[in-house]
Amino acid sequence: MERPSAPTETDADPLPAVRAGLPAGAGSTGDIRQARPYLLSRSPAKAALRRIVSVVSLLAIDVGGLALGVYLALAARELWVGNTPILWGILWQIVGDWLPFLAMTTVLVFWRAGLYSAREFRSGFARVASSLVIVAVLTLAFAKGTGHGFSTYLLFPTAVAIAAILIGTLRASYELLTGAVLEAAGVRRRALLLGTGGEVEHLRRVLGDARSGIRYEFIGVVGPAAEGRDLPTLGGVADLASILAEHPVAEVIVADSDFTERQLLDIVDLAHRRGVHVSVAPTTTEILARRAQYVPGQGVPLFELRPPVLAGADWALKRVFDVALSVLLLVAGLPLWLLIAAAVKLTSPGPIFYVDRRIGLNERTFGMVKFRTMRADAALLQGSLEHHNEAGGALFKIRADPRVTPVGAILRRFSLDEIPNLLNVLRGEMSLVGPRPLPLRDFALLEPWHRKRYLVLPGMTGLWQISGRSDLGFDDLVRLDFYYLDNWSIWLDVQILVKTVPAVLGRRGAY
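Sequence order as written defines the numbering, with residues in each chain counted from 1. Residue-level local features of this predicted model are given only where pLDDT is at least 70; pairs of side-chain atoms are given and counted only at 80 or more, and the full residue set underlies all totals for whole chains, interfaces and linings. The side-chain numbers reported here are obtained from all heavy atoms of the structure, hydrogens and water having been left aside.

### Let's talk about the overall build of the protein
Put simply, DSSP marks the helices as runs of H or I at least four residues long and the strands as runs of E at least two long, and each gets a number from the N terminus on. Check the secondary structure of the protein and you find 18 helices and 13 strands. Taking all 511 residues of the protein together, the buried fraction comes to 47%. Between two residues, a contact is recorded if the distance between any of their heavy atoms is within 4.5 Å. Contacts spanning at least 24 positions in sequence make up 73% of the contacts within the protein whose residues lie at least 6 apart. Accessible area for the protein stands at about 24500 Å²; split by element, carbon and sulfur atoms hold 64% of it. Here's how the labels work: a residue is buried when its accessible area is under 20% of the maximum for its type, exposed when over 50%, partly exposed in between, all with a 1.4 Å probe on protein chains only. Every accessible area reported is derived by Shrake-Rupley at a probe size of 1.4 Å, with residue values counting cover from the shown protein chains alone.

Now the structure itself:
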């Protein structure tokens, strides 16, 4: 794994100087990518509570509508047959016997279909009906597999039709009621429009006054000034940082005009750094559309650009995985860790551990713990070795670094010096898998487009380590980070961890 380029043990934090060239707002506390999970931070607490209440309400609607739909289907069957009096209590008992399985299956299918998504992304009756058809097929397969028979299989389409009508009606009523509550409470979607005059006017007209029951409050336009426009022109794209700082905005809507790919990327990144959502009217560039989510029900299609941030269930799953495996590795490898500590202490003067200042999530500094592999005075020799740098871009690497101790060379060769990174993982500063954190010296040399890699926790290992490691150019390494951000899954983490072992043992690119 990559080596620290500028070991230093001073308490001074040069990050303010490093950030001097960043756009206004970089690293602000309002950033939706801040280190603390969004469910634990204060500002989104009300939104999280509303989201929980919404999901619970929809669950109650769906299970209640399902139970009533099955009951009415059973009653309809009895009325159709008409041989005996209807035993209403027995019908409820039948519903009660099947309801746990039906409810669990329905909730899982509905969840997979996105019917518990945020308000603007939830589909309507068509998705409810198609999902209930899947539930019916699964229930029929389960019944046949367990040897359960039915007097008539017409019960299934009847139950699907009745349940779909009930659930669809209840959900529509819920949307109308909650929309009225939001309207009465004065909830508004404060939005900023970006684009040229004609495109902005067209976009505002086709968007209408509201989306998903929440009214728009258009703050103004960012772009060239135009006569006859109702909205004020707040400035040009170059003024976006100051405009977002001055006006509380929830969403930036970009009319797809003559913006270049780089301009669009800068707009999206700057808005996300301010905690502002971004939507783009098509057509969008391919690099942005890869992480776009369609917003249905509009006069013009909008795509919300989701920052590649791990939050909610994804964050919880990754965090549990990190903590569980880190504890296991620390306990299982304790004898080896103690042996390494003794070797470091006995073979060179200085501390056992070295705390290297690195740049982590949201471009914040943290102390990455490692076994010391260099002389204690390594920081003083950094300047004299800069002309020996063998890496390109914002990296500093020397294959035969004279500061490295004999024991340190062995530890580096097999990446054993980075075992104490597990402590950073347990402290929530790192993850087992993610973009490698850069030293302050390397971070200062980054180009603006490189900084997307700081949207997630840095990792002990990543695609760098299994794809050539130090033999790759820096831009290639950053593109690997981007791929990881846009394609994360827990299985990708597992694959990277498994492939890291042969990469380390094969000593590819490690120095």
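From this point on, the discussion continues.
### Quick notes on a nonpolar patch on the surface
Judged by side-chain polarity, Val327, Val331, Leu423 and Leu426 come together as a nonpolar surface patch covering roughly 310 Å² of accessible area. Elements represented by at least two residues in the nonpolar patch include exactly helix 10 (312–332) and helix 14 (421–426). Inspection of the secondary structure puts Leu426 in helix 14. What goes into a patch is any residue over 30% in relative accessible area without a salt bridge, connected to like charges within 9 Å or, for nonpolar side chains (Val, Leu, Ile, Met, Phe, Trp, Tyr), within 5 Å. Salt bridges are identified by distance alone: a Lys or Arg side-chain nitrogen within 4 Å of an Asp or Glu carboxyl oxygen.

### Comments concerning the packing of helix 4 (residues 125–145) against helix 5 (residues 155–184)
Axes here refer to lines fitted to C-alpha atoms; in helices the fit is confined to the stretch in contact. Angles between the N-to-C directions go from 0 to 180 degrees. As a packed pair, helix 4 and helix 5 sit with axes 9 Å apart at the nearest point and diverge in direction by 145 degrees. Crossing hand, helix 4 versus helix 5: right-handed. Residues Phe125, Val128, Ala129, Leu132, Val133, Ala136, Thr139 and Leu140 of helix 4 touch helix 5, and the partners they reach there are Phe156, Val160, Ala163, Ala164, Ile165, Ile167, Gly168 and Arg171. Here the contact of helix 4 with helix 5 is composed, by residue class, of 13 nonpolar, two polar and one charged. Working rule for handedness: look at the near helix, and if it is turned counterclockwise from the far one by less than a right angle, call the crossing left-handed; if clockwise, right-handed. Residues were grouped as follows: Ala, Val, Leu, Ile, Met, Phe, Trp, Tyr, Cys and Pro as nonpolar; Asp, Glu, Lys and Arg as charged; and all remaining residues, including Gly, as polar.

### Here we look at the nonpolar core
Core analysis: the largest hydrophobic core is formed by 30 residues, its most contacted members being Val70, Leu74, Val95, Phe110, Val128 and Leu132. Listed by contribution, the elements that provide at least two residues to this core are helix 2 (45–81), helix 3 (88–112), helix 4 and helix 5. With nine residues, the single largest contributor to this core is helix 2. Those residues in contact with Val128, other than ones at most four positions away along the chain, are Phe110, Leu115, Ala164, Ile167 and Arg171. What makes a nonpolar core is a set of buried Ala, Val, Leu, Ile, Met, Phe, Trp, Tyr and Cys residues whose side-chain atoms join them at distances within 4.5 Å.

### Some details on unusual backbone geometry
Although it is not a glycine, Asn362 adopts a positive phi angle of roughly 60 degrees. Of note, Asn362 is situated in the loop between strand 9 (353–359) and strand 10 (365–371). On the accessibility criterion, Asn362 (3% relative accessible area) is buried. In this structure, Glu363 is a non-glycine residue whose phi angle is positive, near 60 degrees. Tracing the backbone through its elements, the reader meets Glu363 in the loop between strand 9 and strand 10. Using a relative accessible area of 1% as the deciding quantity, one classes Glu363 as buried.

### Structural notes on helix 13 (residues 406–413)
For an α-helix the count is 3.6 residues per turn, leaving residues at separations of three or four pointing the same way. Buried within helix 13 are the following residues: Val407, Gly408, Leu411 and Arg412. Across the axial projection of helix 13, the buried residues extend over an arc of 135 degrees, all falling on one side. The outward face of helix 13, more than 90 degrees from its buried face, is lined by the exposed residues Pro406 and Ile410. Residues of helix 13 that are buried in the fold lie against helix 11 (334–347) and strand 10. Relevant arc is that of directions from the helix axis to the C-beta atoms, nothing else.

### A short note on the packing of aromatic side chains
Stacked, edge-to-face and tilted labels apply to pairs of Phe, Tyr and Trp rings (six-membered ring for Trp) whose centres lie within 6.5 Å, assigned for plane angles under 30 degrees, over 60, and everything in between, in that order. All chains considered together, the criterion is met by four aromatic pairs. Pairing Trp111 with Tyr116 gives two aromatic rings, centres 5.4 Å apart and planes at 45 degrees, and the pair type is tilted. Judged by its relative accessible area of 52%, Trp111 is exposed. Three or more aromatic residues joined by ring pairs make a cluster, and in this case those are Phe110, Trp111 and Tyr116.

### Concerning the sheet that holds strand 9
An order of 10-9-12 is seen for the three strands of this open sheet, with the pairing classed as antiparallel. Two strands bound the open sheet, and with one partner strand each, they are strand 10 and strand 12 (438–439). Strands pair, by our definition, only if DSSP identifies at least two bridges between them.

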